[in-house]
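Residue-level structure breakdown
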Amino acid sequence: MENVLQEFLLSKGYKKIKLKLTKTNHFEVKASINGVKGLFILDTGASSSCVGFKSIDFFNLKVKDSNIKAAGAGTTDMTTQISKKNTVKIGRWKMENKNLILFDLTHINTALTTHNAQAVNGIIGADILKKGKGIIDYEKKYLYLSPH
């Protein structure tokens, strides 16, 4: 009976993904976009998954300007771009044709590095967590995503 949740979720086809708790009390997760691995913050409060402007070439993203203005902790009215039809892979879980929002992550990465945490390429947000029927095991530090 050590980990009934894990056994149940794996029996239902969920994919188990290891999370790392940063010094800023955020969960980091490794993920790939279009086959390129990067580092992301897991943010249940972010409505959309995002990538920083500095990672456009890194992830081979095709971008278009967007009229959407982003807002986040400590900042509002940020210019965004959009990249459509991307493949996102987190552990063994995969999502095709994913649209991603791009914006300046400087304020986020400055806060992270100031607290001796690693800078990130982007944010895995509620859009992916909802699509994957995400379940976070805070105690064991795992994210579970359903392929269905």
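Summary of the structure given here. All values derive from a computational prediction rather than experimental measurement.

So, on to the overall build of the chain. Tallying secondary structure elements over the chain gives 3 helices and 11 strands in all. For the chain, the sequential pattern of α-helices and β-strands runs α-β-β-β-β-β-β-β-β-α-β-α-β-β. For 148 residues, the compact-globule estimate of 2.2 N^0.38 gives 15 Å, and the chain sits close to it at 15 Å. Taken along the three principal axes of its C-alpha coordinates, the chain extends 50 × 35 × 25 Å. When the 148 residues of the chain are sorted by exposure, 45% land in the buried category. Working note: accessible area of the chain is about 8,700 Å², and carbon and sulfur atoms make up 51% of it. Once the 23 positive and 12 negative side-chain charges of the chain are each reduced to a mean point, those two points are 6 Å apart.

Across the sheet, 3 strands lie side by side as E1-E11-E10; this open sheet has antiparallel pairing. Each of the sheet's edge strands pairs with one partner strand only, and the pair in question is strand E1 (15-18) and strand E10 (135-137). Ignoring strand direction, the axes of neighbouring strands in this sheet form an average angle of 25°.

Considering all chains together, one arrives at 4 aromatic pairs under this definition. Each ring, one from Phe-27 and one from Tyr-138, has its centre 5.5 Å from the other, and the planes form 40°; the classification is tilted. In this pair, Phe-27 is assigned in strand E3 (residues 27-33) and Tyr-138 in the loop between E10 and strand E11 (142-145), connecting sequence segments 111 residues apart. For Phe-27, a relative accessible area of 8% corresponds to the buried category. Consider the rings of Tyr-142 and Tyr-144, whose centres lie 6.4 Å apart with planes at 50°: the pair is tilted. Its end group placed over the ring of Tyr-142, Lys-16 keeps NZ or CZ at 4.3 Å from the ring centre. For Lys-18, the ring lying beneath its charged end belongs to Tyr-142, and the centroid distance is 4.6 Å.

Our focus in this paragraph is helix H2 (residues 106-114). Ile-108, Asn-109 and Leu-112 are the residues of H2 that are buried. Viewed end-on, H2 has its buried residues packed into an arc of 90°, placing them on one side of the element. Structurally, H2 contributes buried residues whose contacts are with strand E4 (36-42), strand E8 (93-103) and strand E9 (122-124). The first or second residue beyond H2 is Asn-116, which carries a positive phi of 60°.

On to the environment of Ser-66, then. Here Ser-66 is to be found in strand E6 (residues 63-72). The sequence separation of Ser-66 and Met-95 amounts to 29 residues, and the corresponding C-alpha distance is 22 Å. What Ser-66 contacts, discounting residues up to four positions off in sequence, is Thr-80, Gln-81 and Ile-82.

Cut-offs applied
Residues numbered from 1 in each chain as written. Predicted model: local features only at pLDDT ≥ 70, side-chain atom pairs only at ≥ 80, totals over all residues. Heavy atoms only, no water. Helix = DSSP H or I, 4+ residues; strand = E, 2+ residues; numbered from the N terminus. Rg over C-alpha atoms; globule rule 2.2 N^0.38 Å. Buried < 20%, exposed > 50% of the residue type's maximum accessible area, 1.4 Å probe, protein only. Areas by Shrake-Rupley, 256 points an atom, 1.4 Å probe, with all protein chains shown as cover. Lys, Arg positive; Asp, Glu negative; His and termini not counted. Charge placed at Lys NZ, Arg CZ, Asp CG, Glu CD. Pairing = 2+ DSSP bridges. Axes fitted to C-alpha atoms, helices over the stretch in contact; angles between N-to-C directions. Phe/Tyr/Trp six-rings, centres within 6.5 Å; stacked < 30°, edge-to-face > 60°. Lys NZ or Arg CZ within 6 Å of the ring centre and 35° of its normal. Arc of directions from axis to C-beta. Contact = heavy atoms within 4.5 Å.

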